[in-house]
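Listed below are the residues making up each chain.
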Amino acid sequence: MRLIGMLDSPYVRRVAVSLAMMDVPFALEPLSVFRDLDAFAAINPLVKAPTLVLDDGTQLVDSTLILAVAERLVPAARHLMPAATGDYVAAQRIIGLALAACEKTMQIAYERRLRPVEKQHQPWLERIQAQLIAAYTMLDASFADIDEWHAEGRPLQADITAAIAWQFTRATVPDVVTLQRAPALAALSLRAAALPAFLAYPG
Ligand SMILES: N[C@@H](CCC(=O)N[C@@H](CS)C(=O)NCC(=O)O)C(=O)O
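The structure presented is a predicted model; accordingly, all values stated were derived computationally and were not measured.

Colleague: I tried to follow the overall build of the protein chain on my own but got confused; where do I start?
Modeller: Within the protein chain one finds eight helices and four strands. Mapped in sequence order, the helices and strands of the protein chain form the string β-α-β-α-β-β-α-α-α-α-α-α. Over its C-alpha trace the protein chain gives a radius of gyration of 17 Å, about what one expects of a compact globule, namely 17 Å for 203 residues. Overall, the protein chain is about 50 × 45 × 25 Å in size when its C-alpha atoms are taken along their principal axes. Scored against the burial criterion, the 203 residues of the protein chain give a buried share of 35%. Of all intrachain contacts in the protein chain linking residues separated by at least 6 positions in sequence, the fraction that spans at least 24 positions is 73%.

Rendered as structure tokens:
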């Protein structure tokens, strides 16, 4: 299968890292939704990254939906969503917060990079910055008592997505979310960064 998109997208990266950790073979095609618009559109006219092209040509979009399909392709021992219902609910909560953090980071970046300064709307920027800080306050509290991984004693989807979100936000808007604001996430991020899949697919 082919994974279309750049690793500087946290959505593309969480799919790449997860597929690698699930031992699902894929080829990464690093096309940018902006710089490679025509080439991307020739594969998927939606121009959404990540796009996963299955071996039969089926195209999937949205990292969460792609990962839900990937879970079906591997035996239970390689699933990245925890088996126990309580752990599963906790994982979905963490993933929801991390994806909201990615979305707010992206909105701030788009506002700063794509919109001319005179057209930037300060109340909107303040709102999304407050939402981003709220997401990381809740996410950090979720990892405060965790020394390793959130469930099953191995890195799972919630750990992967939270670490990738944190690394993306720190790389994109370090002035909005400082290291000191989320010490537990900073520690999680360091643990995750040492995993072979994180090293193979850097942000
Ligand atoms: N909810 C989606 C978000 C994907 C997303 O917004 N990707 C960005 C790149 S980081 C994109 O495709 N932007 C182009 C566009 O939306 O026009 C997911 O989880 O995959």
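Colleague: Where do I start with the nonpolar core in this structure?
Modeller: As a rule of thumb, soluble globular proteins bury nonpolar side chains together. By size, the foremost hydrophobic cluster in this structure holds 47 residues, and its most contacted members are Val15, Ala98, Ala101, Leu139 and Ala162. Elements represented by at least two residues in this core include exactly strand 1 (2-4), helix 1 (10-21), helix 3 (63-73), helix 4 (85-114), helix 5 (122-143), helix 6 (157-172) and helix 7 (183-193). Two domains each provide a minimum of three residues to this core, namely domain 1 (2-78) and domain 2 (85-195). Every residue in contact with Ala98, bar those within four places of it in the chain, is listed here: Leu139, Thr161, Ala162 and Ala165.

Colleague: I'm lost on the site of the ligand in this one. Help?
Modeller: Around the ligand lies a shell formed by Ser9, Tyr11, Val33, Val47, Lys48, Ala49, Pro50, Asp62, Ser63 and Thr64. Across the shell around the ligand, the residue classes break down as five nonpolar, three polar and two charged.

Colleague: How should unusual backbone geometry be read in this particular structure?
Modeller: Trans is the common state for peptide bonds, and a negative phi is the common state for residues other than glycine. A cis geometry characterises the amide bond from Ala49 onward to Pro50, with omega recorded as 5 degrees. Note that Pro50 resides in the loop between helix 2 (37-43) and strand 3 (51-53). Positive phi outside glycine occurs at Asp23, with the angle close to 65 degrees. With respect to the helices, strands and loops of the structure, Asp23 is situated in the loop between helix 1 and strand 2 (27-29). The phi dihedral of Val47 falls on the positive side, at around 50 degrees, and the residue is not glycine.

Colleague: Explain the packing of helix 5 against helix 7 here, please?
Modeller: Two quantities define a packed helix pair, namely the angle between the axes and the distance from one axis to the other. In the contact formed by helix 5 and helix 7, the axes pass within 7 Å of each other and the chain directions differ by 65 degrees. Classed by the angle they form, the pair helix 5 and helix 7 counts as roughly perpendicular. For the element pair helix 5 and helix 7, the recorded crossing hand is left-handed. Together, Tyr136, Leu139, Asp140 and Phe143 of helix 5 and Ala184, Leu185 and Leu188 of helix 7 make up the contact between the two elements.

Colleague: Whenever I open this one, the domain arrangement of the protein chain confuses me. Can you help?
Modeller: The domain architecture assigned to the protein chain consists of domain 1 (2-78) and domain 2 (85-195). Each partner contributes to the interface: domain 1 provides seven residues, whereas domain 2 provides seven residues. Class assignment of the residues belonging to the side of domain 1 that touches domain 2 gives a composition of four nonpolar, one polar and two charged.

Colleague: What is the right way to read helix 4 from this model?
Modeller: Since there are 3.6 residues in each turn of an α-helix, residues three or four apart along the chain are aligned in direction. In this model, helix 4 (30 residues) spans 42 Å end to end at C-alpha, consistent with the 44 Å of a helix rising 1.5 Å per residue. When we look at burial in helix 4, the residues that qualify are Ala91, Ile94, Ile95, Leu97, Ala98, Ala101, Cys102, Lys104, Thr105 and Ile108. Its buried side turned inward, helix 4 meets helix 1, helix 5 and helix 6.

Colleague: Looking at this structure, how should I read helix 1?
Modeller: Taking 1.5 Å per residue, twelve residues should reach 16 Å; helix 1 reaches 16 Å between its end C-alpha atoms and fits that length. Burial within helix 1 is extensive, with eleven of its twelve residues counted as buried. Listing the buried residues of helix 1 in full gives Pro10, Tyr11, Val12, Arg13, Arg14, Val15, Ala16, Val17, Ser18, Leu19 and Met21. Within two residues after helix 1, Asp23 carries a phi angle of roughly 65 degrees, on the positive side.

Colleague: Please explain the packing of helix 4 against helix 6 as it appears in this structure.
Modeller: Orientation of helix 4 relative to helix 6, taken along the N-to-C sense of each, is 20 degrees, at an axis distance of 9 Å. Viewed along their axes, helix 4 and helix 6 adopt a mutual orientation that is roughly parallel. Two packed elements cross with a definite hand, and for helix 4 against helix 6 that hand is left-handed. Judged by residue contacts, Ala91, Ile94, Ile95, Ala98, Leu99, Ala101, Cys102, Thr105 and Ala109 of helix 4 engage Gln157, Ala158, Thr161, Ala162, Ala165, Phe168, Thr169 and Thr172 from helix 6.

Definitions and cut-offs
- Residues numbered from 1 in each chain as written.
- Predicted model: local features only at pLDDT ≥ 70, side-chain atom pairs only at ≥ 80, totals over all residues.
- Helix = DSSP H or I, 4+ residues; strand = E, 2+ residues; numbered from the N terminus.
- Rg over C-alpha atoms; globule rule 2.2 N^0.38 Å.
- Buried ≥ 20, exposed ≤ 12 C-beta atoms within 10 Å, placed from the backbone.
- Contact = placed C-beta atoms within 7 Å.
- Core = buried A, V, L, I, M, F, W, Y, C linked by C-beta atoms within 7 Å.
- Domains from an automatic or database assignment.
- Near = placed C-beta within 6 Å.
- Nonpolar A, V, L, I, M, F, W, Y, C, P; charged D, E, K, R; others polar.
- Axes fitted to C-alpha atoms, helices over the stretch in contact; angles between N-to-C directions.
- Parallel < 35°, antiparallel > 145°, perpendicular 65-115°, else oblique.
- Left-handed = near helix turned anticlockwise from the far one by under 90°.
- Expected span 1.5 Å × (residues − 1).

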